[in-house]
Amino acid sequence: RIPLTWLRPAGCFRGAEPPRMISIRIQQLTKKFGAVTALHGLDLEIAPGELFFLLGPSGCGKTTLLRSLAGFYIPESGKILFGDEDVTRLEPHKRNTGMMFQSYALWPHMTLAENVAFGLEERKVPADEIKRRVGEALESVRMSDYAERKPNQLSGGQQQRVALARALVIRPRCLLLDEPLSNLDAKLRLEMRTEIRRVCKEFKLTTVYVTHDQKEALSISDRMAILDGGRIKQVGTPREVYGRPHSKLVANFIGETDFIGGRVVSVTGDRVEVQTRIGHFKGVLGDPAHPPVFGTEVTVSIRPECWTLATEKQGENVLPGRIGESVYLGEVAQHAFVCGDTTLKIFELNPRFAAQAGRGQVFATVRPEDVVVLAE
């Protein structure tokens with residue numbers, strides 16, 4: 001079990017209680033760089049102990065927001081609160097945040113133990129306390145056996161573990177991660193995803209994590225925010241954001257989807273019917289807070305894996321068509337489903353229709369719960 005002593009301020013004795021997990025509140029935060037507004041009056045609340053992801057296309061403002069939390073950028077207006085403390089204009093070293101960058105930023109001439117100890121030495125922590133806490137930090141990321149090695153003797157994944165230990169050893173109030181896994185290969189990224197979530201949850205750390213990797217965010221986040229143009233477009237759990245995107249931008253950014261244009265026929269609560277050029281669909285509103293009215297042009301979003309193929313017409317939301325090209329990948333087949341002048345992507349798990357490519361008519365069906373209607 002990872003010792004809770006890490007979470008105590010320097011100098012506390014071993015029996016002391018760890019401090020409460022903090023929330024992070026962002027209120028009407030605006031940040032400008034000259035004539036460019038990078039953040040437009042953002043409001044966001046991150047719960048204590050939450051692993052929260054910031055995603056979006058390049059230039060959306062996610063790194064600017066993270067660096068504002070760290071204190072590297074001072075906003076033009078708005079507030080940042082750690083718990084009840086206003087840290088908006090507090091210097092970075094006084095915020096007690098742990099930061100982990102895209103580059104490992106390890107001192108090449110120091111051993112791993114010396115790298116991890118650096119932040120404690122700067123804080124004038126007693127030598128015996130440094131030795132104990134460095135040992136605990138390296139043990140928590142499973143690097144105790146490498147304490148006396150230099151960074152150039154390690155793999156990329158091992159260096160990232162040391163960078164994580166260095167961020168945690170100061171017992172931060174929150175952990176800030178800026179695309180920490182982007183320099184690793186696919187296998188190491190998978191390994192480190194799990195490791196980062198394990199450590200954050202073991203230490204009950206409030207964590208803000210910037211990434212462009214959708215799979216990373218979907219697999220380990222508690223909640224996420226999608227940003228674009230310095231504005232938050234949607235906040236929710238991975239299942240909420242993926243399954244009920246509020247806009248085309250969010251639907252297109254998180255995963256793959258088929259977009260079909262249409263016009264609203266009826267709206268009842270969050271249920272809506274849409275007439276499109278390839279058929280009539282019953283679905284659900286992506287953003288129930290902003291329902292479209294009768295006759296409004298909308299976009300229907302359907303994830304490729306939500307379709308079901310059959311040889312007979314049955315149920316609601318059924319489209320007749322044929323399978324054009326098909327790519328068989330063992331556990332899944334990726335079909336190009338041709339319906340009139342429209343081609344849709346269909347991912348078939350445990351595929352049975354891969355051999356139907358170029359042959360007769362088949363029917364594609366989707367549940368109303370998986371048909372998400374997005375207002376233009």
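Residues numbered from 1 in each chain as written. Predicted model: local features only at pLDDT ≥ 70, side-chain atom pairs only at ≥ 80, totals over all residues. Heavy atoms only, no water.

Please give an account of the environment of Tyr73 that cites residues and values.
If you trace the backbone, Tyr73 turns up in the loop between helix H1 (62-70) and strand E4 (77-82). Distance in space between the C-alpha atoms of Tyr73 and Val265 is 49 Å, their sequence separation being 192 residues. Excluding anything up to four places from it in sequence, Tyr73 contacts Lys31, Phe33, Thr64, Arg67 and Ser68. (Helix = DSSP H or I, 4+ residues; strand = E, 2+ residues; numbered from the N terminus. Contact = heavy atoms within 4.5 Å.)

Describe the sheet that holds strand E12 (residues 271-276), and please don't skip the residues or the numbers.
An order of E11-E12-E13-E20-E14 is seen for the five strands of this closed barrel, with the pairing classed as mixed. Between one strand axis and the next, the sheet turns by 50° as a mean value, whatever way the strands run. In this structure, strand E14 (residues 297-302) lies alongside strand E20 (residues 372-375), joined through four bridges in antiparallel fashion. Residue pairing for E20: Val300 is matched across the bridge by Val373. (Pairing = 2+ DSSP bridges. Axes fitted to C-alpha atoms, helices over the stretch in contact; angles between N-to-C directions.)

For helix H3 (residues 112-122), give the residues involved together with the corresponding values.
Restricting attention to buried positions, one finds in H3 the residues Leu112, Ala113, Asn115, Val116, Ala117, Gly119 and Leu120. Residues of H3 that are buried in the fold lie against helix H4 (127-140) and helix H5 (156-169). Looking one or two residues beyond H3, the residue adopting positive phi is Lys124, at roughly 60°. (Buried < 20%, exposed > 50% of the residue type's maximum accessible area, 1.4 Å probe, protein only.)

Account for the side chain of Glu195, with residues named and values stated.
Note on placement: Glu195 falls in helix H6 (residues 186-202). If sequence neighbours within four positions are ignored, Glu195 has contacts with Ser140, Val141, Arg142 and Arg161.

How would you explain the pairing of strand E16 (residues 318-328) if you had to name every residue and give the values?
Pairing geometry for E16 and strand E19 (residues 362-365), over four bridges, is antiparallel. Within E19, the residue paired with Val318 across the bridge is Thr365. Two successive antiparallel strands, E16 and strand E17 (residues 332-339), enclose a turn made up of three residues, where Gly330 displays a positive phi of approximately 90°.

An account of H1 is needed here, citing residue identities and associated values.
Counting buried residues along H1, seven of its nine residues qualify, which places the element largely inside the surrounding structure. All of the buried residues along H1 are Lys62, Thr64, Leu65, Leu66, Ser68, Leu69 and Ala70.

Could you give me a rundown of the pattern of salt bridges, with the residues and numbers involved?
Scanning the entire structure with this criterion turns up 24 salt bridges. The residue Arg142 makes a salt bridge to Glu195 at a minimum N-O spacing of 3.2 Å. Pair noted here: Arg142 is in the loop between H4 and H5 and Glu195 is in helix H6, with a separation of 53 residues, a long-range link. Here Arg142 falls in the exposed class, since its relative accessible area comes to 54%. Arg244 serves as the salt-bridge partner of Asp270, at 3.7 Å between the closest nitrogen and oxygen. With Asp270 in the loop between strand E11 (258-268) and E12 and Arg244 in the loop between helix H8 (238-243) and helix H9 (248-253), this pair connects stretches of sequence that are 26 residues apart. With a relative accessible area of 29%, Asp270 lands in the partly exposed category. (Salt bridge = Lys/Arg side-chain N within 4 Å of Asp/Glu carboxyl O.)

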